[in-house]
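Take a look at the letters that make up each chain.
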Amino acid sequence: MLILAACVVCVSARAQQTLLLKDINIRDPYILPDRKAGVYYMYRSSSVTAADGTVRGGVEVFRSRDLEHWEGPTRVFTVPDDNWITGRVWAPEVHRYKGRYYLFATLNSDIEWKKRRDSHPAYTMRGTQIFWSKSPEGPFVAFDDRMPATPMDEMALDGTLWVENGKPYMVYCHEWVQIGDGSMKVVELKRDLSGRAGTPVRLFHASAAAWATGSDAPVERRTYVTDGCFLYRTSGGRLLMIWSSFGEDGYAVGIAESVTGKVTGPWRHRPEPLFSRDGGHGMLFRDFDGGLNIVMHAPNSPGGAERAVILPLEERGDMLYVKQ
């Protein structure tokens, strides 16, 4: 009993910790504003190591009222034991949809990579799975089938929710690791978001964007990353998608526009990136004053240097720009 009490105190103390945004290490940050509660939720990946040495993926959340001071982290999700894979989680997003909260999480396993590293094309188990909760603070639980919403034969990641004409869709990235020239795809979801309701459709390849330089390799072996997709409808009705790849100055955020205004496109690319200075995997949100913002991680340097960077945006001519 004394041990249990001590553990509760430790967890409580950790949950009440207050940190400045600049002190939080995070990749692929996602901020969900709850205007009614006056709270911003920021989600990040968080793995734990089991007694047998295996890594179990999960998600933590921080809370803030001013986007500068953050309480937490509090653990809101751990991959279930009976899930299709139980490895690391990447790029968690939480969306409010029809009164519930849905976690879109990319799950990974290094095991298949080690077993099949000599195969061509390269392949490892990777896909976006959807979990749900009644609260933005979790706990998030799996649907019954414990399977990803992306196809099993695709190395897929970074799924995000988009609702159009009452139908839910997931836009996601098909990994450059598998196909060389990474692509963006869309698939219709079931009405309860428990899985796919249709067949994925390719929207574009990363090389279609003039600003995306690809890897430093001869043209015949050059690879192009697709990463961090997020959709936004402007005040004038234009449908935009921000997404990340590598440009002349490093990791960057570009903008694609749907010619038809529909998620199925076709899509054309703004020639210059929205942000080009070694930061990316962004998402957009409105603060409680109504301002539009992008949050991304920068620098793009795995190992502890990454921080969430929030920049105010403005709409001009139905296009997005970073405020100067």
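**Looking at the packing of aromatic side chains**
Applying the stated criterion to the full structure yields eight aromatic pairs. A centroid spacing of 6.0 Å and a plane angle of 70° characterise the contact between Y97 and Y102, whose relative ring orientation is edge-to-face. With a relative accessible area of 7%, Y97 lands in the buried category. Ring pairs connect the aromatic residues Y40, F285 and F288, which therefore count as one cluster. When the ring centre of W132 is taken as reference, the NZ or CZ atom of R100 above it lies at 4.0 Å. Lying over the aromatic face of Y321, R316 brings its terminal NZ or CZ to 4.0 Å of the ring centre.

**Examining the nonpolar core**
Counting 55 residues, the largest nonpolar core has I31, M42, W70, F77, L284 and I294 as its most contacted members. With residues near it in sequence (within four places) discarded, I294 still touches I242, V253, L274, G282, M283, L284, V309, I310, L311 and L313. Counting 23 residues, the second-largest nonpolar core is a separate cluster that includes W162, A206, W211 and A256.

**Some details on the sheet that holds strand β2 (residues 30–34)**
Spatial strand order, β1-β7-β6-β3-β2: five strands in an open sheet with antiparallel pairing. Both edges of this open sheet fall to β1 (18–20) and β2, since each of them pairs with a single strand only. Here the strands of the sheet are splayed against their neighbours by 35° on average, with no regard to which way each runs. The pairing of strand β6 (residues 58–64) with strand β7 (residues 69–78) spans six bridges and is classified as antiparallel. Counterpart to E60 in the pairing with β7 is R75.

**Some thoughts on the environment of K134**
Of note, K134 is situated in the loop between β10 (126–133) and β11 (141–142). Overall, the relative accessible area of 67% leaves K134 in the exposed class. Taking the C-alpha atoms as reference points, K134 and G57, separated by 77 residues in sequence, lie 21 Å from one another.

**Considerations on the confidence of the model for the protein**
Across the protein, the average pLDDT comes to 91, with 91% of residues at 70 or higher. Predicted confidence is poor over residues 1–15, with pLDDT under 50, and the contacts of this stretch with residues over four places away or in other chains come to seven contacts.

**Let's talk about the side chain of R270**
Relative to the helices and strands, R270 resides in the loop between β19 (267–269) and β20 (280–286). Of the buried charged residues, R270 lacks a salt bridge, with E272 as the closest side chain of opposite charge at 7.9 Å. At a separation of 2.8 Å, a polar atom in the side chain of R270 contacts the main-chain carbonyl oxygen of L320.

Basis of the calculations
- Residues numbered from 1 in each chain as written.
- Predicted model: local features only at pLDDT ≥ 70, side-chain atom pairs only at ≥ 80, totals over all residues.
- Heavy atoms only, no water.
- Phe/Tyr/Trp six-rings, centres within 6.5 Å; stacked < 30°, edge-to-face > 60°.
- Buried < 20%, exposed > 50% of the residue type's maximum accessible area, 1.4 Å probe, protein only.
- Lys NZ or Arg CZ within 6 Å of the ring centre and 35° of its normal.
- Core = buried A, V, L, I, M, F, W, Y, C linked by side-chain atoms within 4.5 Å.
- Contact = heavy atoms within 4.5 Å.
- Pairing = 2+ DSSP bridges.
- Helix = DSSP H or I, 4+ residues; strand = E, 2+ residues; numbered from the N terminus.
- Axes fitted to C-alpha atoms, helices over the stretch in contact; angles between N-to-C directions.
- pLDDT = per-residue confidence, 0-100.
- Lys, Arg positive; Asp, Glu negative; His and termini not counted.
- Salt bridge = Lys/Arg side-chain N within 4 Å of Asp/Glu carboxyl O.
- Polar contact = N/O pair within 3.5 Å; in protein donor to acceptor, adjacent residues only side chain to side chain.

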